[in-house]
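So you can see what is in the structure, the chains are spelled out below.
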Amino acid sequence: DPGSDNAQLVSPSFMLASQLGAVMAIQDLEGAADHCERYVEVAKDGTVYDDWRLPTQAEIMIIYKYQNDSDAMDEVLAGNRYWSASGLVPKPGVNNPRDQAIRCIRDAYEDK
């Protein structure tokens, strides 16, 4: 949902796609959404994850915050601008970012 209200939502538990799923050259929101819709990862135990989506703007900002301002996680979004469900989200403090990267996420549930 590209709506402004959706941009502020954060899933209570989400999984970020591995670096293998990172894409740096998608030119439009439709292409970015299509990439996540078709993306599949298979875990070592054989679990298939095929329910990926673009993150919301708020989810990207949370990842930026914790990778840059805490010891909670390492850097996982190395690009300077990522596609969200409502458009491109620049990394805080970066002027004139040109990246158009994608890192899909999925809502993490106990049954999958």
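Values in this document were obtained by computation on a predicted structure and should not be read as measured data. (Residues numbered from 1 in each chain as written. Predicted model: local features only at pLDDT ≥ 70, side-chain atom pairs only at ≥ 80, totals over all residues. Heavy atoms only, no water.)

(A) Structural context of the overall build of the protein. Each helix and strand in the protein was counted, giving 2 helices and 6 strands. Scanning the protein from its N terminus toward the C terminus, one meets helices and strands in the order β-α-β-β-α-β-β-β. For the protein, with 112 residues in total, the buried portion stands at 37%. Within the protein, residue pairs in contact and separated by at least 24 positions form 59% of the contacts whose partners lie at least 6 positions apart. (Helix = DSSP H or I, 4+ residues; strand = E, 2+ residues; numbered from the N terminus. Buried < 20%, exposed > 50% of the residue type's maximum accessible area, 1.4 Å probe, protein only. Contact = heavy atoms within 4.5 Å.)

(B) Summary view of the state of the cysteines. What the rule picks out here adds up to 1 disulfide. For C36, the disulfide goes to C104, at an S-S distance of 2.1 Å. Disulfide C36 to C104: torsion about the S-S bond roughly -95 degrees, handedness left-handed. In this pair, C36 is assigned in helix α1 (residues 29-38) and C104 in the loop between β5 (87-90) and β6 (105-107), connecting sequence segments 68 residues apart. A single burial state applies to C36 and to C104, both of which are buried. (Disulfide = S-S within 2.5 Å.)

(C) View of a nonpolar patch on the surface. Where nonpolar side chains cluster on the molecular surface, the patch consists of V10, I62 and Y66 and spans about 220 Å² of accessible area. Along the chain, the position of V10 falls in the segment before β1 (14-16). (Patch = residues over 30% accessible without salt bridge, like charges linked within 9 Å, V, L, I, M, F, W, Y side chains within 5 Å. Areas by Shrake-Rupley, 256 points an atom, 1.4 Å probe, with all protein chains shown as cover. Salt bridge = Lys/Arg side-chain N within 4 Å of Asp/Glu carboxyl O.)

(D) View of the nonpolar core. Within the largest apolar cluster, 12 residues are counted, these being A17, I26, A32, C36, Y39, Y49, W52, L54, W83, A85, I102 and C104. Grouped together as the second largest cluster of nonpolar side chains are 7 residues, I60, Y64, L77 and A101 included. (Core = buried A, V, L, I, M, F, W, Y, C linked by side-chain atoms within 4.5 Å.)

(E) Molecular detail of α1. By the burial criterion, the buried members of α1 are A32, H35 and C36. Buried positions in α1, seen along its axis, are confined to an arc of 90 degrees and lie on one side of it. Exposed side chains of α1 directed beyond 90 degrees from the buried face belong to E30, E37 and R38. Of the surrounding secondary structure, the elements contacted by the buried residues of α1 are β4 (81-84). (Arc of directions from axis to C-beta.)

(F) Spatial organisation of the pattern of salt bridges. For the structure on display, the rule yields 5 salt bridges. Its salt-bridge partner being R106, residue D51 comes within 2.7 Å of it at the nearest N-O pair. Linking D51 in the loop between β3 (48-49) and α2 (57-69) with R106 in strand β6, this pair joins segments that are 55 residues apart in sequence. Overall, the relative accessible area of 32% leaves D51 in the partly exposed class. It is possible to trace a salt-bridge network through shared partners that takes in R53, E59 and D107.

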